[in-house]
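Structural characterization, general
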Amino acid sequence: MTDLTLNPSGSGSHAGKRPVLNSGFNFLRFKKITEVGIKSIYSHGLRSLLTVLGIVIGVAAVIAMLAVSEGASFEAQQQFRDLGASNILLKSVKPAEVEESSRSGFGPPQAIVYGLTIADITAIRNSIPGISNVISSRIVKKNVWNGGLNMNTDVVGTSVDYPVSRNYNLRAGRFFSESEVRDHANVVVLSEEVAQGLFRIDNPLGKSIRIDSDYYNVVGIMEPEGFSNLGQNQAGSSNSAPSRIFIPFTSSKSRFGETTTRQTAGGVESETVELHEAIIQIDNQDGVIEVGEIIDSILERRHKDIDYAIEVPLALLRQAEESALRDQIVAGAIAGISLLVGGIGIMNIMLASVTERTREIGIRRALGAKRRDIIMQFLIEAVILSGVGGLIGVVLGVAIPFIISAFWGMTTIVTPLAPLLAFSISALIGVIFGIYPSIRAADMDPVEALRHE
Amino acid sequence: MLETNLSMSTNSDSALIAGREVVASLDSIRKTYFMGALAVEVLHGISLDFYQGDYISIMGPSGCGKSTLMNILGCLDQPTEGKYFLGDEDTSKMEDDELSTIRGARLGFIFQSYNLIQQLNVLENIEMPLFYQGYSEADSHEIAMGLAARVGLQDRVDHKPFELSGGQQQRVAIARALAVDPLVILADEPTGNLDSKSGAEILNLFDELHDQGKTLIMVTHSDELAERSQRWVRLRDGLVESDDRLNA
């Protein structure tokens, strides 16, 4: 048995050891209480984990939802930005009534005349100052041949500024030049898709392709398109073309003429369209929405039928931004609710913990713990729980958008603000939902608490 | 003031206590509990002086007010009327924070069921009162190690309470009670949960503490336990029935 004789030299050995005065913030006290908190959380591993889960999910949801909605709105806005924020797009549209009459008609094919004209563009240019450029295009659906290979695609007759106006870049070679436009030259710029379709192995640059009976020299290849096919559903083709190829405007007019004839299920259909598309560039982006309205009213006066469409990318961009904001508010509210639920979980578990540790509270109070020591102890525990949950949530919340991007190819953007905000909120929730249980712990009567079984 | 108290203690052998300091003094303590409209007075005016080096057993049948008196002595509860001096401080009108401080600084508690904190090891349990008094980590550690050795548990300092026997746990509690070098050590049925052998070890420790001049106040039912002490206070129905002292 252990020798219980007291060691006389060890008795009353407190001389010289004085309590450190408590002035202001006491780091030692904070550290000790934190250690106690961690120990207690650790000793209830599973319960703590489940408690923390609520906060983890809440924080991860906040970050992931914001990242997804941010990404989606960025994507939408990018599409409109690609169309050009200072552009107005005009398109010819086959009016409904005309289409109807041509279907029911018999006899020789009769050309339907509709759409934008060069005169329209001249009128617009003359009445509105601040138009820096107009890029008019004719779009004709054609079979394009390289030897035995052929593709059905939209042949766009346009001007040299077309790529610049739509932030559309060349991958190889060059776009056709001013002089080639003037000369009605037989040159063509292929899209990536058409280039791959017609030239399986060899480099298309310098080679020729055939449209109808004319050969065109390939001078350039465009990059794959960065924007969706919004704004590409041009008149004159029932389906949007898989891809476009580009020839000088003048060449299109002189080779294909203004009237195009197509074989359809119901017979032969023929239509005359002067311009299929026009991109109007404005000097000052601020006025673009007003200019769009003026153009609309000019065209309304000049056209009997609604055989045109007008699109202002900036207006669509604004709409996209507004709906993105709405999405973010909804996402934020849902995530906020899950954080709130997480907070209630913490409060619940802290209350259980306080009841379970009533006796410990009594012991600590008997041994000199003040009310505020007890409050601190439970509050720190709640903050550790929610803080750890917040940290795990941040890690998950940043990882989830990556996974979404990797597997579904969606654009997601994690702004630095989102994890910061979510983590702060989670820590705050620890404080808010920890306060009540902590006060309850501190308000216990020490005598009652010591008697608690 | 202490002098007056000394000369006025009529129920004790004044020859024996002459020259010893009063460490705790109860003056006409009354305690009433309110249960709804019902008021129950448990203590009807208790006056007692405790001297430096006293080894006291407080005894009496159940319901005599022992526990209530013990809670008041431990500053865990406050009297409804009367004064309680601990050292030279009147605790009867103290705020909660002051009571916490005086409990931590002046009193050592030993409970029947040890009341160690289960998540903490032996050393951390002994250090706890020192922590609340704001001792530095190094000082706490040194004091706690010394006390662990003093109760024969130097080899068990990193054990958790559940890894120890009842007797060992009570020794940890004694070491914890000694940590702040208190004015008075309060023990509530200290051997109540122990077998006779472990109980005897605890009582040996108490004897040694008494020999070193510590003041021990013990509440007990057990005559065997009470035999070891040097002064016996018997309570009955909330009053002091007798106060006897071992004549040297």
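Keep in mind it's a predicted model, so treat the numbers as computed, not measured.

Scanning chain B from terminus to terminus reveals 9 helices and 10 strands. Counting over 248 residues, chain B shows a buried share of 47%.

Within chain A, the secondary structure is distributed over 14 helices and 13 strands. Going through the 453 residues of chain A one by one, you find that 39% of them count as buried. For chain A, long-range pairs separated by at least 24 residues make up 84% of all intrachain contacts whose partners lie at least 6 apart in sequence.

Counting 121 residues, the largest nonpolar core has V59(A), V62(A), I63(A) and L186(B) as its most contacted members. For this core, the element with the most residues is helix α2 (residues 45-83) of chain A, which contributes 14 residues. Residues contacting V62(A), with those up to four places away along its chain left out, are A335(A), L339(A), G397(A), A418(A) and A422(A). With 50 residues, the next largest nonpolar core counts I135(A), L198(A), I247(A) and V312(A) among its residues.

What follows concerns the sheet that holds strand β6 (residues 107-110) of chain B. Residue and element names in this part refer to chain B. In spatial order, the strands read β6-β7-β8-β3-β9-β10; together these 6 strands make up an open sheet with mixed pairing. Here the strands that pair on one side only, and so sit at the sheet edges, are β6 and β10 (239-245). Each neighbouring strand pair of the sheet contributes to a mean axis angle of 20 degrees, computed without reference to strand direction.

Taking 1.5 Å of rise per residue, 17 residues should cover 24 Å, and helix α1 (residues 27-43) of chain A covers 24 Å from first to last C-alpha, within 8% of that figure. Here the buried face of α1(A) lies against α2 and α12 (371-408) of chain A together with α5 (122-133) of chain B.

Residues and elements named next belong to chain A. Taken residue by residue, chain A gives an average pLDDT of 81. The fraction at 70 or more is 86%. Element-level pLDDT for chain A is lowest in helix α3 (residues 96-104), with a mean of 54, against a maximum mean of 93 in helix α11 (residues 358-366). Counting contacts from residues 1-13, a segment whose pLDDT is below 50, to residues more than four positions away or on other chains yields 17 contacts. Contacts from residues 226-241, a stretch scored under 50 in pLDDT, to residues over four places away or in other chains number 36 contacts.

What follows is about the sheet that holds strand β1 (residues 22-35) of chain B. Pairing is antiparallel across the open sheet formed by 4 strands, whose spatial order is β2-β1-β4-β5 (chain B). Unpaired on one side and paired on the other, β2 (38-51) and β5 (89-90) of chain B mark the two borders of the sheet.

Below, the discussion takes up the confidence of the model for chain B. Looking at chain B, the pLDDT average stands at 88 and 92% of residues meet or exceed 70. Across the interfaces of the predicted complex, the ipTM metric reaches 0.90, alongside a pTM of 0.69.

Residue and element names in this part refer to chain A. For helix α9 (residues 288-302), with 15 residues, the first-to-last C-alpha span of 21 Å sits near the 21 Å given by 1.5 Å per residue. All buried positions along α9 are accounted for by V288, V291, G292 and I295. The buried residues of α9 occupy an angular sector of 105 degrees when the element is viewed end-on, so they sit on one face. In α9, the exposed residues that point more than 90 degrees away from the buried face are E290, E293, S297, E300 and R301. Residues of α9 that are buried in the fold lie against β1 (87-92), α4 (118-127), β12 (277-282), β13 (308-311) and α10 (313-356).

Our next topic: the packing of helix α7 (residues 166-178) of chain B against helix α8 (residues 196-211) of chain B. All names here are of chain B. Put simply, α7 and α8 touch, their axes get as near as 9 Å, and they point 20 degrees apart. Relative to α8, the element α7 lies roughly parallel. Handedness of the α7/α8 crossing: right-handed. Here G166, G167, Q170 and I174 of α7 come into contact with α8, specifically with S198, E201, I202 and L205.

Residue and element names in this part refer to chain B. Remark: α5 packs on α7, axes separated minimally by 7 Å, with the N-to-C direction vectors making an angle of 30 degrees. Looking at the two axes, α5 sits roughly parallel to α7. Judged by the sense of rotation from one axis to the other, the crossing of α5 with α7 is right-handed. Contacts between α5 and α7 involve V122, N125, I126, M128 and P129 from the first element and V172, A175 and R176 from the second. Looking at the contact of α5 with α7, its residues break down into 6 nonpolar, 1 polar and 1 charged.

Another aspect to go through is the pairing of strand β7 (residues 184-188) of chain B. All names here are of chain B. Of all the 5 residues making up β7, 5 are buried; the element is thus mostly covered by neighbouring parts of the structure. Burial of the side chains of β7 extends over both faces: V184, L186 and D188 are buried on one face and I185 and A187 on the other. In terms of strand pairing, β6 meets β7 through 4 bridges, oriented parallel. Across the sheet, residue F109 finds its bridge partner in β7, namely L186. With 4 bridges joining them, β7 and strand β8 (residues 216-219) adopt parallel strand pairing. For A187, the partnering residue across the bridge sits in β8 and is M218. For the segment spanning β7, α8 and β8, crossover handedness is right-handed.

When glycine is set aside, most residues are seen to have a negative phi, and most peptide bonds are trans. Residue and element names in this part refer to chain B. Positive phi, close to 50 degrees, is recorded for S28, a residue that is not glycine. One can find S28 in strand β1. By C-beta crowding, S28 is classed as partly exposed, having 13 other C-beta atoms within 10 Å. Positive phi values are uncommon outside glycine, yet E189 reaches one of about 45 degrees. Along the polypeptide, E189 turns up in the loop between β7 and α8.

Calculation rules
Counting starts from 1 at the beginning of each chain's written sequence and moves along it residue by residue. Here the convention is simple: chains get letters from A, ligands get numbers from 1, in the order in which they are written. Totals for whole chains, interfaces and linings use every residue, but because this is a predicted model, local features are given only for residues with pLDDT of at least 70 and side-chain atom pairs only at 80 or more, for both listing and counting. Counting from the N terminus, the helices are DSSP H or I runs at least four residues long and the strands are E runs at least two residues long. Buried means a residue has 20 or more other C-beta atoms within 10 Å of its own C-beta, exposed means 12 or fewer, and partly exposed covers the counts in between; C-beta atoms are placed from the backbone. Contacts are defined on C-beta atoms placed from the backbone: any two residues whose C-beta positions lie within 7 Å are in contact. Here a nonpolar core is just a set of buried residues of the types Ala, Val, Leu, Ile, Met, Phe, Trp, Tyr and Cys, joined wherever their C-beta atoms sit within 7 Å. In this scheme, strands are said to pair when DSSP sees at least two bridges between them. For helices, the fitted line uses only the C-alpha atoms of the stretch in contact; every axis is such a line through C-alpha atoms, and the angle between N-to-C directions lies from 0 to 180 degrees. Helix span, expected: 1.5 Å multiplied by one less than the number of residues in the helix. Every residue carries a pLDDT, the predictor's confidence in it, which falls somewhere between 0 and 100. Starting at the helix axis, one direction is taken to each C-beta atom, and the arc is that of these directions. Angle categories: roughly parallel below 35 degrees, roughly antiparallel above 145, roughly perpendicular from 65 to 115, and oblique for all the rest. Helix crossings fall into two classes, left-handed where the near helix is turned counterclockwise from the far one by less than a right angle and right-handed where it is turned clockwise. Residues are grouped as follows: Ala, Val, Leu, Ile, Met, Phe, Trp, Tyr, Cys and Pro are nonpolar; Asp, Glu, Lys and Arg are charged; every other residue, Gly included, is polar. For a crossover, the right-handed case is the one in which the path from the first strand over the helix to the second runs clockwise, viewed with the strands pointing away from the viewer.

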